[in-house]
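Coordinates in review
Each chain is listed here by its residues.
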Amino acid sequence: MDKREFLKTSGALLASGFFSRLATTQTKADSRTNWAGNYTYSTKELDLPNTVEDVRHSVREHSHLKALGARHSFNGIADSTVEQISLKHFDQIELDTKAKTVTVGAGVTYGQLAPYIDSRGFAVHNLASLPHISVVGACATATHGSGNKNGNLSTAVRAMEIVTASGDIRTFSREQLGDKFSGTVVGLGALGVITRITLEVQSTFQMTQMVYENLSFSQLEHHLDEIFASGYSVSLFTDWQNHRATQVWIKRRVDQGPHAAPNTDFYGATPATRNLHPLAGHSAESCTEQMGIPGPWYERLPHFRMNFTPSSGAELQSEYFVPRERGYAAINAVEQLRDEITPHLFISEFRTIAADDLWISPCYQRASMAIHFTWKPEWSAVKKVLPLIEEKLAPFGAIPHWAKLFTMPSAHLRSHYPKISDYQAMLAQYDPNGKFRNEFISNHIYGASL
């Protein structure tokens, strides 16, 4: 797909006093949009700091400020009417082999992190379908990959360095905060400006990827658990036609064999005979290697290769989390809307995510299935379809992805987060005057407008 270009790999950090002084000044920019081009930010003011001191200066100088990551959010979660700050120059990566952790600057993407740690014998537990997103932004919004036993990307976080509203530098970790650390990891950018984040790593591993075509939804009624447990990471794609998943992508660790022969049917689905793109008729050049060929974890866990922009044009995205054990019923409920959905849809994807203890994670204390929609850039039409989907999924306790498009009333959304009052109290502690609060946070966390 012909998308806006992703943020490029930053060069070495410019830390001289001259550049530091420049970085603390406001930068006027033309109207800026998110990655997909569907959202235009409400301010042209953008700070581009080079050092932590620059960040502290920016935070102290502004009454309202919002951190901007890789711009992959599809809504106003990173918006500001006053000032935004981008830490894209913070590209440091520090691997601690003894502690089995890696600490990265706020500008580092998974596409930069993965080959670096792999070359030194390490891996992270999972990746999202796109490697181009920033580590900090992904963790702050509970972005995820797939796998029954894999928590979302935030579950790997062990510590964060944050510049709080006072301009002070705080290190948040479980050792320092105890159980309250679970309230900071998925922070939605509301606790302060994250400058560095520390992740747990493990030994590197090899993976294979097999793709199967045309899996009947009827198989999910009796075999949903087995299907999603058939690999380390499993994704099902559908266009909601003919009561079937058009493709099944199964990513397996080589060290967790044995695996089925490549020519074996999978619950009635047939093995692909060539590499496929999730969208029928699109070139698979941008997709990660399939056909059961072993390769590094970071070249199999994402759907798309590091060096490609993976879409066929501007797009919109929505995603809803439901309890995994009710996944089949939820799919059936949405399928009833296929005539309303398909005219505006590129593709849908089903993935599973393990439960976690993170207060504002959609997977808090429940194993989940995520039902994802990649829409054509037709917001006026999609905006009418989303309430229909949300109504169908309401009996299943559906929760939307924080960084994607939804129309769910904020009061209903908050009702699904049992720790929301504790999270509000934490925000009051670290940001008493709402410096990092924007319209999105005010509406969805507090139920009020700025």
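The following paragraphs examine the structure supplied in this document.

In this section: the overall build of the chain. The helix and strand tally for the chain stands at twelve helices and 20 strands. Taken against the 2.2 N^0.38 rule, which gives 22 Å for 450 residues, the C-alpha radius of gyration of the chain at 21 Å falls within 12% of a compact globule. The dimensions of the chain, computed from C-alpha atoms along their principal axes, are 60 × 45 × 45 Å. The proportion of buried residues among the 450 residues of the chain is 59%. For the chain, the accessible area works out to roughly 17500 Å², and carbon and sulfur atoms hold 49% of it. Put simply, the chain has 42 plus and 44 minus side-chain charges, and the middle of one group is 2 Å from the middle of the other.

The next point concerns the nonpolar core. Core analysis: the largest hydrophobic core is formed by 127 residues, its most contacted members being Leu113 and Trp297. Once residues lying within four places of it in the same chain are set aside, the contact partners of Leu113 are Ile93, Val102, Val104, Val108, Val124, Val135 and Leu199.

Take Ser146: it is sitting in the loop between α4 (135–140) and β8 (157–163). Every residue in contact with Ser146, bar those within four places of it in the chain, is listed here: Asn126, Tyr232, Ser233, Val234, Ser235, Arg351 and Thr352.

The next subject is the packing of aromatic side chains. One pass over the structure, following the stated rule, counts 18 aromatic pairs. Residues Phe406 and Phe440 carry aromatic rings whose centres are separated by 6.4 Å and whose planes lie at 80 degrees to one another, so their mutual orientation is edge-to-face. Of this pair, Phe406 sits in the loop between β20 (399–400) and α10 (410–414) while Phe440 is found in helix α12 (residues 439–446), placing the two residues 34 residues apart along the sequence. Side by side, Phe406 and Phe440 carry an identical accessibility label, which is buried. Among the aromatic side chains, those forming a connected cluster through ring pairs are Phe217, Trp240, Tyr320, Phe350, Phe373 and Trp375. It is Arg120 that lies over the ring of Tyr116; its NZ or CZ is 3.7 Å from the centre. Seen from the ring of Phe205, Arg253 lies directly overhead, with NZ or CZ sitting 3.8 Å from the centre.

Moving on, we get to the sheet that holds strand β9 (residues 169–173). Adjacent strands of a sheet form backbone hydrogen bonds with each other and so pair up, either parallel or antiparallel. With antiparallel pairing, five strands are arranged side by side in an open sheet as β5-β6-β10-β8-β9. Where the open sheet ends on each side, the last strands, each with one partner, are β5 (93–96) and β9. Neighbour-to-neighbour, the strand axes of this sheet turn through a mean angle of 15 degrees, independent of strand direction. Looking at chain direction, strand β6 (residues 101–105) and strand β10 (residues 193–200) are connected through five bridges and run antiparallel. When the bridges of β10 are listed, Thr101 appears paired with Glu200.

Between side chains of opposite charge, a pair can form when the charged atoms approach closely. One pass over the structure, following the stated rule, counts twelve salt bridges. Across the pair Arg174 and Asp357 runs a salt bridge whose closest N-O atoms are separated by 3.7 Å. Of the two residues, Arg174 sits in helix α5 (residues 174–177) while Asp357 sits in the loop between β18 (345–353) and β19 (368–375), which places them 183 residues apart along the sequence. Notably, a salt bridge pairs Arg244 with Asp239, separated by 2.7 Å at the nearest N-O pair.

Another aspect to go through is the pairing of β19. Summarising burial for β19: eight of the eight residues are buried, a large majority. Here β19 shows two buried faces, one formed by Ser368, Ala370, His372 and Thr374 and the other by Met369, Ile371, Phe373 and Trp375. Bridge count for strand β17 (residues 316–323) against β19 is eight bridges, and the pairing is antiparallel. Following the sheet pairing, Phe321 is matched in β19 by Ala370. Here β18 pairs with β19 via eight bridges, running antiparallel. Bridge pairing links Glu349 to His372 in β19.

The subject of this paragraph is the pairing of β10. With respect to burial, β10 is a largely interior element, six of its eight residues being buried. With six bridges joining them, β8 and β10 adopt antiparallel strand pairing. Bridge pairing links Ala159 to Thr198 in β10.

About the criteria used
Residues numbered from 1 in each chain as written. Predicted model: local features only at pLDDT ≥ 70, side-chain atom pairs only at ≥ 80, totals over all residues. Heavy atoms only, no water. Helix = DSSP H or I, 4+ residues; strand = E, 2+ residues; numbered from the N terminus. Rg over C-alpha atoms; globule rule 2.2 N^0.38 Å. Buried < 20%, exposed > 50% of the residue type's maximum accessible area, 1.4 Å probe, protein only. Areas by Shrake-Rupley, 256 points an atom, 1.4 Å probe, with all protein chains shown as cover. Lys, Arg positive; Asp, Glu negative; His and termini not counted. Charge placed at Lys NZ, Arg CZ, Asp CG, Glu CD. Core = buried A, V, L, I, M, F, W, Y, C linked by side-chain atoms within 4.5 Å. Contact = heavy atoms within 4.5 Å. Phe/Tyr/Trp six-rings, centres within 6.5 Å; stacked < 30°, edge-to-face > 60°. Lys NZ or Arg CZ within 6 Å of the ring centre and 35° of its normal. Pairing = 2+ DSSP bridges. Axes fitted to C-alpha atoms, helices over the stretch in contact; angles between N-to-C directions. Salt bridge = Lys/Arg side-chain N within 4 Å of Asp/Glu carboxyl O.

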